[in-house]
Amino acid sequence: MGEQPIFSTRAHVFQIDPSTKKNWVPTSKHAVTVSYFFDSTRNVYRIISLDGSKAIINSTITPNMTFTKTSQKFGQWADSRANTVYGLGFSSESHLVKFADKFAEFKEAARLAKEKSQEKMELTSTPSQGGAGKRNVLSVNKATKNKESAPGDLQSPLTPEGVNGTDDERVTPETPQPPEARAEPSQNALPFSHSSSSINKHWEAELAALKGNNAKLTAALLESTANVKQWKQQLAAYQEEAERLHKRVTELECVSGQTTVIKSQKTELNQTIEELELALRAKEEELERLKAEVESANEFRTQKDSLTQKLLDTESRNDTLEARLGDLEQRLESIQLERETFRKSLRSLLELLDGKIFELTELRDTLAKLIEGS
């Protein structure tokens, strides 16, 4: 609880490829929050970034670290403890400059804190050690400095070009070309398949978003439950303290010949009671807020279940429509075959009629000749 954020910005996060030590590997699909934290208990500064619930940066700033600007919108630093090199792509040069200035500021603060801790170690060394003790401290300091100077060798010599923090211009690794498109479906099946796939994608996207919200709310609910238990214990302690103070006030009021000191103690006790009552009210309000969050989490779960059921219904309807489409295609093929058979019958009938007409024509000509001859 002693660690507090002191500066935050948004950037795309990269790490050096551990196998090649030359290529950048993106660790976030979009721009995420990158924050400086100060741990007052350990007196150290850290750079932390979360992508959902996953920590993609957890780097403690040491005096020997160096933040290098490799382009107008990209910077990097090496962390020997994590055995990696981190890279950040910003949306503008001003964001990069601010982050670099804060890095230098907190690096200097870490150096001063380290020097103070070393001075305390030297002052607390026993006098009997004499010059040998001082030499041991100096040798330890030199060894520590040599150990911390090692991360500088891990920095990548490459300068990623065109890297920034915008969603449209972020650097991503090379991806293989998509395969050739499959043959288009028939004109009757194309509109249906397109509409069913779009419906499925829509419900899947909503279901994925609800799953993410459900996970976040579940984590918040667990944390809130732990806080509620702690607050209940504090509430019981406050109530016991209030009862004890009330009894003390009653005893002091029963004492005859109250002096000015007793009156001042009574006033102080009354003020303490009022402060405790205010604290109790604040805790009760916090409990109400947590109950509301739990109810909202339950509502999200209900929505998730209903959307899951809708998705299942849509898939069943999709299967039914696909079956109907197959039946219609079979019927269409049978109708086309019948039409082709009918056409062949008509052609044969026409040929037969042509032959009959030709025979009738010859018969007419013959009859006409006979009539003329008679």
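The rules behind each value
Residues numbered from 1 in each chain as written. Predicted model: local features only at pLDDT ≥ 70, side-chain atom pairs only at ≥ 80, totals over all residues. Heavy atoms only, no water. Helix = DSSP H or I, 4+ residues; strand = E, 2+ residues; numbered from the N terminus. Contact = heavy atoms within 4.5 Å. Areas by Shrake-Rupley, 256 points an atom, 1.4 Å probe, with all protein chains shown as cover. Buried < 20%, exposed > 50% of the residue type's maximum accessible area, 1.4 Å probe, protein only. pLDDT = per-residue confidence, 0-100. Patch = residues over 30% accessible without salt bridge, like charges linked within 9 Å, V, L, I, M, F, W, Y side chains within 5 Å. Salt bridge = Lys/Arg side-chain N within 4 Å of Asp/Glu carboxyl O. Lys, Arg positive; Asp, Glu negative; His and termini not counted. Charge placed at Lys NZ, Arg CZ, Asp CG, Glu CD. Polar contact = N/O pair within 3.5 Å; in protein donor to acceptor, adjacent residues only side chain to side chain. Pairing = 2+ DSSP bridges. Core = buried A, V, L, I, M, F, W, Y, C linked by side-chain atoms within 4.5 Å. Phe/Tyr/Trp six-rings, centres within 6.5 Å; stacked < 30°, edge-to-face > 60°.

(A) Broad picture of the overall build of the protein. If you tally the helices and strands in the protein, you get four helices and eight strands. When the helices and strands of the protein are listed from N to C terminus, the series reads β-β-β-β-β-β-β-β-α-α-α-α. Contacts in the protein between residues far apart in sequence, at least 24 positions, make up 62% of those at least 6 positions apart. Summing over all exposed atoms, the protein offers an accessible surface of approximately 26,500 Å²; the carbon and sulfur share of this is 54%.

(B) Structural view of unusual backbone geometry. With phi around 60°, Lys-21 is a residue other than glycine that occupies positive phi space. Turning to its location among the elements, Lys-21 is positioned in the loop between strand 1 (3-16) and strand 2 (24-26). A positive phi is found at Asn-83, a non-glycine position, where the angle reads about 55°. Here Asn-83 shows up in the loop between strand 7 (74-79) and strand 8 (84-89).

(C) Main features of the environment of Val-32. Relative to the elements of secondary structure, Val-32 occurs in strand 3 (residues 32-39). Here Val-32 falls in the buried class, since its relative accessible area comes to 4%. In this structure the C-alpha to C-alpha distance between Val-32 and His-12, which are 20 residues apart in sequence, comes to 6.3 Å. Once residues within four sequence positions are removed from consideration, Val-32 is found in contact with Thr-9, Arg-10, Ala-11, Val-13, Ser-49, Leu-50, Asp-51 and Ile-56.

(D) A look at the confidence of the model for the protein. Averaged over every residue, the pLDDT of the protein is 78; the share at 70 or more is 78%. A low-confidence stretch, residues 126-194 (pLDDT under 50), is modelled with 83 contacts involving residues beyond four sequence positions or located in other chains.

(E) The arrangement of a negative patch on the surface in detail. There is a patch of like negative charges on the surface, built from Glu-204, Glu-315, Asp-319 and Glu-322. For the negative patch, the leading source of residues is helix 4 (residues 260-373), giving three residues. Secondary-structure assignment places Glu-204 in helix 3 (residues 190-254).

(F) Focus on the side chain of Arg-46. Along the polypeptide, Arg-46 turns up in strand 4 (residues 44-51). For Arg-46, a relative accessible area of 16% translates into the label buried. At a separation of 2.7 Å, a polar atom in the side chain of Arg-46 contacts the side chain of Asn-58. Residues contacting Arg-46, with those up to four places away along its chain left out, are Glu-3, Ser-35, Tyr-36, Phe-37, Asn-58, Ser-59 and Thr-60.

(G) Spotlight on a nonpolar patch on the surface. On the surface, Phe-342, Leu-346, Leu-349, Leu-350, Leu-352, Leu-353 and Ile-357 cluster together into a nonpolar patch covering about 680 Å² of accessible area. Tracing the sequence through the fold places Leu-349 in helix 4.

(H) Geometry of the pairing of strand 3. Counting buried residues along strand 3, six of its eight residues qualify, which places the element largely inside the surrounding structure. Where strand 1 and strand 3 come together, eight bridges link them in antiparallel fashion. If you follow Pro-5 over to strand 3, its bridge partner there is Phe-37. By the bridge criterion, six bridges tie strand 3 to strand 4 in an arrangement that is antiparallel. Residue pairing for strand 4: Phe-38 is matched across the bridge by Tyr-45.

(I) Highlighting the nonpolar core. Ranked by size, the top nonpolar core spans 22 residues in total, and within it Tyr-36, Ile-47, Ile-57, Trp-77, Leu-88 and Phe-99 carry the most contacts. Every element with two or more residues in this core is listed here: strand 1, strand 3, strand 4, strand 5 (54-60), strand 8 and helix 1 (93-123). In terms of residue count, helix 1 provides more of this core than any other element does, five residues in total. Beyond its immediate chain neighbours, meaning those up to four positions away, Ile-47 contacts Val-34, Ser-35, Tyr-36, Ile-57, Asn-58, Ser-59, Ile-61, Trp-77, Phe-99 and Phe-103.

(J) Quick peek at the packing of aromatic side chains. Per the counting criterion, the structure on display carries 14 aromatic pairs. Ring geometry for Phe-67 against Phe-103: centres 5.5 Å apart, planes inclined by 35°, an arrangement best described as tilted. With Phe-67 in the loop between strand 5 and strand 6 (68-69) and Phe-103 in helix 1, this residue pair connects regions lying 36 residues apart in the sequence. Three or more aromatic residues joined by ring pairs form one cluster here, namely Phe-7, Tyr-36, Phe-38, Tyr-45, Phe-67, Trp-77, Tyr-86, Phe-90, Phe-99, Phe-103 and Phe-106.

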